[in-house]
Amino acid sequence: MTLRLMLAGATGAVGRAVLAQALADRRVGEVVALTRRPLLAAEKLINVVVDFDNLPEQAPWWAVDAVICTLGTTRRAAGSNEKFAAVDRDLPLCIARRARAAGATRFALNSSLGADAGSGNFYLRTKGEAEDAIRELGYPGYAIVRPSLIDADRTESRPGERLALTFARALGSAIPRRWRAVTPEAIACALLEAALAPSPGSRVIESESLHEPPAACR
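The structure displayed is predicted, hence computed values, not measured ones. (Residues numbered from 1 in each chain as written. Predicted model: local features only at pLDDT ≥ 70, side-chain atom pairs only at ≥ 80, totals over all residues. Heavy atoms only, no water.)

Chemist: Can you walk me through helix α3 (residues 81-101) in this structure?
Modeler: In an α-helix, one turn spans 3.6 residues; hence positions three or four apart end up facing the same way. The first and last C-alpha atoms of α3 sit 29 Å apart over 21 residues, in line with the 30 Å expected at 1.5 Å per residue. The sharpest bend along α3 measures roughly 35° and falls at D90, with the proline P92 sitting one to four residues further on. Of the positions making up α3, those classed as buried are F84, A85, D88, L91, P92, L93, C94, I95, A96, R98 and A99. Here the buried face of α3 lies against β1 (3-8), β4 (66-69), α2 (75-78), β5 (106-110) and α4 (122-135). After α3 finishes, the residue G103 shows a positive phi value of roughly 115°. (Helix = DSSP H or I, 4+ residues; strand = E, 2+ residues; numbered from the N terminus. Expected span 1.5 Å × (residues − 1). Bend = angle between axes of the 7 residues up to and from the residue. Buried < 20%, exposed > 50% of the residue type's maximum accessible area, 1.4 Å probe, protein only. Contact = heavy atoms within 4.5 Å.)

Chemist: Can you walk me through unusual backbone geometry in this structure?
Modeler: Backbone phi values are negative for most residues with the exception of glycine, while trans is the configuration of most peptide bonds. One non-glycine residue with positive phi stands out, namely K44, at about 80°. On the basis of relative accessible area, K44 is assigned to the partly exposed category, the value being 21%.

Chemist: I tried to follow the packing of aromatic side chains on my own but got confused; where do I start?
Modeler: Working definition: an aromatic ring pair is given by the centre-to-centre distance plus the angle between the planes. This model, assessed by the stated rule, comprises five aromatic pairs. Between F84 and Y123, the aromatic rings sit 5.5 Å apart at their centres with planes inclined by 35°, giving tilted as the arrangement. One end of the pair, F84, is in helix α3; the other, Y123, is in helix α4, and 39 residues separate them in sequence. Among the aromatic residues, those joined into a cluster by ring pairs are F84, F122 and Y123. (Phe/Tyr/Trp six-rings, centres within 6.5 Å; stacked < 30°, edge-to-face > 60°.)

Chemist: Explain the pattern of salt bridges to me, please; I cannot follow it from the model alone.
Modeler: Close approach of charged atoms lets side chains of opposite charge pair. Across all of its chains, the model carries nine salt bridges by this definition. Here R27 ties to D25 by a salt bridge, and the two come within 2.7 Å at their closest N and O atoms. Look at D25 and you get buried, because its relative accessible area is 14%. Among the charged side chains, a salt-bridge network with shared partners connects D25, R27 and E193. (Salt bridge = Lys/Arg side-chain N within 4 Å of Asp/Glu carboxyl O.)

Chemist: Sorry if this is basic, but what is going on with the packing of α3 against α4 here?
Modeler: Each pair of packed helices gets described by two things: the angle between the helix axes and the distance between those axes. With their axes 9 Å apart at the nearest point, α3 and α4 run at an angle of 15° to one another. By the angle class used here, α3 and α4 are roughly parallel. The two elements α3 and α4 cross, and the hand of that crossing is right-handed. Residues N81, F84, A85, D88, R89, P92, L93 and A96 of α3 form the contact with α4, whose own contacting residues are F122, Y123, T126, K127, E129, A130, A133 and I134. (Axes fitted to C-alpha atoms, helices over the stretch in contact; angles between N-to-C directions. Parallel < 35°, antiparallel > 145°, perpendicular 65-115°, else oblique. Left-handed = near helix turned anticlockwise from the far one by under 90°.)

Structural data, given as structure tokens:
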């Protein structure tokens, strides 16, 4: 049996890794990628160019088996707390709600280490609020992946992240596993394996476990 998978966030570092792995995975029959701009054509890829600010409540492409969401921005890029929350909390929830209404049974969310709806940190609180809100939609299979710093060469400017990554790469294994930088490929594998798991259920995958990838990702 092959599944129809929706991917939101296919142009980001983690999203690109998810897309590559999903297209190569025989368990995936089709990948419905929601993007603001067109992707290069590929076998099994259905690219739906959308206005994320005005997603339709009903469309045939919402009918998928599973969803992976890797959407995310920074407070600096967004320009305000409200706009950041719109991308990192409200948009994933909107996608999750519409796909669930169309029959999706599995949802995998790329979140953040330390995400907590009760946190005093706005970033971590917003991430935690997104986790909790999607969990309440009642997906039979719901997975949250909480990576630490992502070891990726970004196209956009993230000076703080770049500085932290420089130190993380230099210190390597001297950093406790929970706080070590994680590759996009490792995060992508965890998301994909959770979304395609034969036995759905609710799970939280913390950053330290991303350094021990499933056999399918080795």
